[in-house]
Amino acid sequence: MHARKPLVVGNWKMNGLKASASEFGRMVEGYGAGLRHRVQLVVCPPVTLLSTFAVIALGSRVGIGAQDCHPGTHGAHTGDISAEMIADTGAAFVIVGHSERRIAHRESDADARGKVKAVHHAGLIAILCVGETAEERKAGLALQVIDGQLEGSLPEGLTGDDLVVAYEPVWAIGTGVTPSLSDIAEMHAHIRLRLVERFGEEGGRIHILYGGSVKPSNASDILAISDVNGALVGGASLKAADFLGIASAYV
Ligand SMILES: O=C(CO)COP(=O)(O)O
């Protein structure tokens, strides 16, 4: 059994301006005692809004996270942001290895590993994304691909307490298509097995989130699957009503 509260994380991707603070404010307001007791909410806005959102979230227990970071601590890396800088804004989480970075920016497992390490050193929690493409699933390689990504992206010295894993099949992201409930269950059970092999008892407590076209209408079915300990939500996390609607699957 999973002892910790489930985790519902919103990934705003490249969306949101200062005016979006009011929508985030509505999420914070809607995170009342009923929800707070049952589920941990986290929102990952673009870096430009991290500090603003961290201030709005103060005292609410809504967590804040970033969507990526550089593996280094500082230096001549124009345009990049370190994990320490993210921590400095008040954020507690960093998404690492999202497929939109793995594919569009050609990031490898080794890149993800360096970033997870940096996040760990900055005292933050990494949300490591893994997921197969449609071709890989069709070829029957989904479990194998996820094994490779997990093995390649987890640095030495990491403890299970500093890690969240998000299973996001690439073909389910932004498409409205989701895997069958049994395929999600199979993959999450498989990831759980690998995490227990790697981290022992701690591996049994690591949150494994499902991501890819999660909406209020499918959230209760997906979030009821064993070893699905929450969701990583893209499009539907931009509107307070939808995001809170997904989290309400736990009420
Ligand atoms: O990539 C995702 C979250 O990181 C999922 O995006 P959608 O919820 O828009 O499919």
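The rules behind each value
- Numbers given for residues are sequential positions, taken from 1 along each chain in its written order.
- In view of the model being predicted, local features appear only for residues whose pLDDT reaches at least 70, and side-chain atom pairs are presented and counted only at 80 or more, with totals across whole chains, interfaces and linings using the full set of residues.
- Excluding hydrogens and water, the side-chain figures rest on all heavy atoms present in the structure.
- Only buried residues count toward a nonpolar core. Its members are Ala, Val, Leu, Ile, Met, Phe, Trp, Tyr and Cys residues joined through side-chain atoms within 4.5 Å.
- Remark: exposure states derive from per-residue accessible area (1.4 Å probe, protein chains only) relative to the maximum for the residue type, with buried under 20%, exposed over 50%, and partly exposed in between.
- The criterion used for residue contact is that any of the two residues' heavy atoms lie within 4.5 Å.
- Definition used for salt bridges: Asp or Glu carboxyl oxygen within 4 Å of a side-chain nitrogen of Lys or Arg.
- The way it works is that DSSP assigns letters per residue, a run of H or I at least four long becomes a helix, a run of E at least two long becomes a strand, and they are numbered from the N terminus.
- For two strands to be treated as a pair, DSSP must find no fewer than two bridges joining them.
- Note on geometry: axes are lines fitted to C-alpha atoms, helical ones only across the stretch in contact, with angles between N-to-C directions running from 0 to 180 degrees.
- Throughout, right-handed denotes a crossover for which the path from the first strand over the helix to the second runs clockwise when the strands point away from the viewer.
- UniProt positions are given in the numbering used here, feature names are shortened, and annotations may be inferred rather than shown by experiment.

Colleague: Just checking my understanding: could you explain the nonpolar core for this structure?
Modeller: In this structure, Phe24, Leu128, Leu163 and Ile191 are the most contacted members of the largest nonpolar core, which totals 66 residues. In this view, Leu128 contacts Val96, Arg102, Ala112, Val116, Leu150, Ser153, Leu154, Leu163, Val164, Val165 and Ala166; residues no more than four positions away in its chain are not counted. With 12 residues, the next largest nonpolar core counts Phe93, Ala166, Leu209 and Leu232 among its residues.

Colleague: Explain the pattern of salt bridges here, please?
Modeller: Two side chains carrying opposite charge are able to pair once their charged atoms lie near each other. This model, assessed by the stated rule, comprises 13 salt bridges. Ionic pairing is found between Asp68 and Lys115, a salt bridge with its closest N-O pair at 2.9 Å. Here Asp68, found in the loop between strand S3 (63-66) and helix H4 (83-88), pairs with Lys115, found in helix H6 (residues 109-121); they are 47 residues apart in sequence, far enough to count as distant. The exposure classification of Asp68 matches that of Lys115, with both residues buried. A salt bridge links Arg101 to Glu107, with the shortest nitrogen-to-oxygen separation between them at 2.9 Å.

Colleague: What am I meant to see in the sheet that holds strand S4 (residues 93-96) here?
Modeller: Two strands in a sheet stick together by hydrogen bonds in their backbones, pointing the same way (parallel) or opposite ways (antiparallel). Ordered in space as S1-S2-S3-S4-S5-S6-S7-S8, the eight strands form a closed barrel in which the pairing is parallel. Taken pair by pair, the neighbouring strands of this sheet meet at an average axis angle of 25°, ignoring direction. Sheet topology places strand S7 (residues 207-211) next to strand S8 (residues 230-233); two bridges connect them, and they run parallel. Following the sheet pairing, Gly211 is matched in S8 by Leu232.

Colleague: Is there a simple way to think about the pairing of S7 in this case?
Modeller: Consecutive residues of a regular strand have side chains that alternate between opposite faces of the sheet. In terms of residue burial, S7 counts as a mostly covered element, since five of its five residues are buried. By the bridge criterion, four bridges tie strand S6 (residues 163-167) to S7 in an arrangement that is parallel. When the bridges of S7 are listed, Ala166 appears paired with Leu209. In this view, the connection linking S6 to its parallel neighbour S7 by way of helix H9 (residues 181-199) has right-handed handedness. Handedness of the crossover is the feature at issue here: the chain leaves S7, passes through helix H10 (residues 216-223), returns alongside S8, and the resulting connection is right-handed.

Colleague: Looking at this structure, how should I read unusual backbone geometry?
Modeller: Trans peptide bonds make up the majority, and among non-glycine residues the majority have a negative phi. Located in the positive-phi region is Lys13, a residue other than glycine, with phi close to 50°. For Lys13, the position within the fold is in the loop between strand S1 (7-11) and helix H1 (21-30). Not every positive phi belongs to a glycine, and Asp227 is a case in point at roughly 70°. Mapped onto the secondary structure, Asp227 falls in the loop between H10 and S8.

Colleague: So what exactly am I meant to see when it comes to the environment of Leu124 here?
Modeller: Along the chain, Leu124 falls in the loop between H6 and strand S5 (125-130). Given the relative accessible area of 5%, Leu124 is considered buried. For the pair Leu124 and Gly234, spaced 110 residues apart in sequence, the C-alpha to C-alpha distance is 21 Å. In this view, Leu124 contacts Ala83, Ile86, Ala87, Ala91, Ala92, Val94, Val119 and Asp162; residues no more than four positions away in its chain are not counted.

Colleague: What should I look at first to understand the UniProt feature "binding site: substrate" (unreviewed entry) in the protein in this one?
Modeller: Within this structure's numbering, the places UniProt gives as "binding site: substrate" (unreviewed entry) are Asn11, Trp12, Lys13, Gly174, Ser213, Gly234 and Gly235. Spatially, the listed residues are clustered: although they cover 225 residues, their C-alpha atoms lie within 14.0 Å of one another. Structurally, Trp12 can be placed in the loop between S1 and H1. Sequence-distant contacts of Lys13, that is, excluding residues within four places in its chain, are made with Cys44, Pro46, Gln67, His98, Glu100, Ile173 and Gly234.

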